[in-house]
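Given next are the chains, with one letter for each unit.
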Amino acid sequence: MSKEVIFEKIKEYQRIMLFRHIRIDGDCVGATKGFQEVLRTSFPEKEILIIDDEKSDYLAFLGPDDAPVPDEMYKDALGIVIDTATKDRISNPKYVLCKEIAKIDHHIEVPGKDGHFYADHSWVEEERSSACEMIAAFCASFPDELKINQRAATFIYTGMVTDSGRFQYPGVSGDTMRYAGMLLDVGVDTEWLYANLYLKDFESLKFKAYVYEHMIISESGVASVYLSRETQQSFGLTFEEASSAISYLDGIKGCLCWLAFIETGDAQNSIRVRLRSRFVHINTLAEQYRGGGHACASGATVYGEEEIRELTAKADEMVRKYKETHEVWL
Ligand code: AMP
């Protein structure tokens, strides 16, 4: 399936509802809000909605979504799910009520737990650095009909920046930079954007210090940190803030993989795992622990200390093998 088919569907429907994944991030929020703005501007007669009750303090500066609507309104809508590989990760479960469902995504394509793919029409490009890059590419494919204004450009650029680690991850290509350039030409206020994304409250730096003091580096070079509910509470952190600890483990020489284990505090005592790597591909490891994602950035869920030890040992083994068989790594 291609973006042409999805564009035909967009033209066909009067109401379009955009969906994203749970544990929202800059990419899925930027992509849905950016696409909403593009579609609203380009087709003012259509109704374009984002209904999602997940909130993020970190992304609050991008503004709120739409108010909930009656279930009836989903039934004649086209649903477009963006940046979400499997149906169990779609944030608003009412997406199933939509008449037809399209998918735009850059994750490695895997069927859901039930073995099925969720969309009627899919456009998936796994090599793209972000879903926002795909939205930019989508708009660029239909320049006579799709209009990107400054607001849309800012949303889309936000996801491109956050999902590519400020344009440094391996997925970044010439296309990424061309589309980023296209958006900057429209007029993104990058100083405002970066201030919102990257300035830290001084208090949060104490948590960063805690992470460096308590992280462990395995024999072959896996950096990991465990954040109990107690630790999260002692720093007054939201779950989202605690989860951001993964970014502190980035950039340690010799550590080709880094892991953050964050206790969710749910009834099952599940532990969120955030996996990141360079050179080594860790998505297959995430898939062994109820997760998935990208080659060098994945998520998973584990239960109990034994699974934490097991996952970390497997990561260590992957890094060991990689170092043994490759000469160029840092
Ligand atoms: P996270 O550490 O949660 O930010 O996840 C890193 C990447 O993996 C993101 O692109 C997520 O959308 C993706 N991801 C996280 N958890 C899963 C999962 N259970 N299945 C598939 N993809 C996931």
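What you see is a predicted model; the values in this text were computed from it and never measured.

Undergrad: Would you mind showing me how to read helix H11 (residues 304–325) here?
TA: Residues that lie three or four places apart on an α-helix share one face, since the helix turns once every 3.6 residues. Here H11 contains 22 residues, and its C-alpha end-to-end distance of 32 Å stays within 8% of the 32 Å for a straight helix at 1.5 Å per residue. Among the residues of H11, those classed as buried are Glu 307, Ile 308, Leu 311, Thr 312, Ala 315, Asp 316, Val 319, Tyr 322 and Lys 323. Where the residues of H11 are buried, they touch strand E7 (222–227), strand E8 (257–263), strand E9 (270–277), helix H10 (283–288) and strand E11 (297–303).

Undergrad: What should I look at first to understand the sheet that holds E7 in this one?
TA: The 6 strands are arranged E6-E7-E8-E9-E11-E10 in an open sheet whose pairing can be described as mixed. The open sheet has two edge strands, strand E6 (216–217) and strand E10 (292–293), and neither has a second partner. Of the strand pairs in this sheet, E9 and E11 are connected by 7 bridges, and their pairing is antiparallel. Looking at E11, one finds that Leu 275 is bridged to Ser 298.

Undergrad: Looking at this structure, I do not really get the nonpolar core. What am I missing?
TA: Within soluble globular proteins, side chains that are nonpolar tend to cluster in buried spots. Core analysis: the biggest nonpolar cluster contains 49 residues, and Ile 10, Phe 35, Ile 80, Ile 104, Phe 138 and Leu 146 have the highest contact counts within it. Per-element accounting of this core gives the leading share, 8 residues, to helix H3 (residues 131–141). When near neighbours in sequence (up to four residues on either side) are disregarded, Ile 104 contacts Ile 6, Phe 35, Ile 80, Val 81, Ile 82, Asp 83, Trp 123, Met 134 and Ile 135. Listed in part, the 20 residues of the second largest apolar core include Ile 282, Tyr 289, Val 302 and Leu 311.

Undergrad: Could you clarify how one ought to interpret the site of the ligand in this entry?
TA: Taken together, 13 residues lie around the ligand, and Arg 89, His 107, Arg 272, Arg 274 and Arg 276 are the ones closest in. The separation between an oxygen atom of the ligand and a polar side-chain atom of His 294 is 3.2 Å. Starting from 470 Å² of accessible surface for the ligand in isolation, the protein chains cover 88%. Mapped onto the shell around the ligand, the elements with two or more residues apiece are E9, E10 and E11. Here the shell around the ligand is built from residues that sort into 1 nonpolar, 7 polar and 5 charged.

Undergrad: Would you explain the sheet that holds strand E4 (residues 100–105) in this entry?
TA: What holds strands together in a sheet is hydrogen bonding between their backbones, with the strands either parallel or antiparallel. Pairing in this open sheet of 5 strands is parallel, and the strands run E2-E1-E3-E4-E5 from one edge to the other. Only two strands of the sheet have a single neighbouring strand rather than two, namely strand E2 (47–50) and strand E5 (121–124). The mean inter-strand angle of the sheet, taken between neighbouring strand axes irrespective of direction, is 15 degrees. Looking at chain direction, E4 and E5 are connected through 4 bridges and run parallel. Paired with Ala 102 across the bridge in E5 is His 121. The strands that helix H1 (residues 3–12) touches are strand E1 (15–19), strand E3 (78–82), E4 and E5; relative to E5, the one it contacts most, it runs at about 130 degrees. Those strands touched by H3 are E3, E4 and E5, and its axis lies near 110 degrees from that of E5.

Criteria and thresholds
Residues numbered from 1 in each chain as written. Predicted model: local features only at pLDDT ≥ 70, side-chain atom pairs only at ≥ 80, totals over all residues. Heavy atoms only, no water. Helix = DSSP H or I, 4+ residues; strand = E, 2+ residues; numbered from the N terminus. Expected span 1.5 Å × (residues − 1). Buried < 20%, exposed > 50% of the residue type's maximum accessible area, 1.4 Å probe, protein only. Contact = heavy atoms within 4.5 Å. Pairing = 2+ DSSP bridges. Core = buried A, V, L, I, M, F, W, Y, C linked by side-chain atoms within 4.5 Å. Near = heavy atom within 4 Å. Polar contact = N/O pair within 3.5 Å; in protein donor to acceptor, adjacent residues only side chain to side chain. Areas by Shrake-Rupley, 256 points an atom, 1.4 Å probe, with all protein chains shown as cover. Nonpolar A, V, L, I, M, F, W, Y, C, P; charged D, E, K, R; others polar. Axes fitted to C-alpha atoms, helices over the stretch in contact; angles between N-to-C directions.

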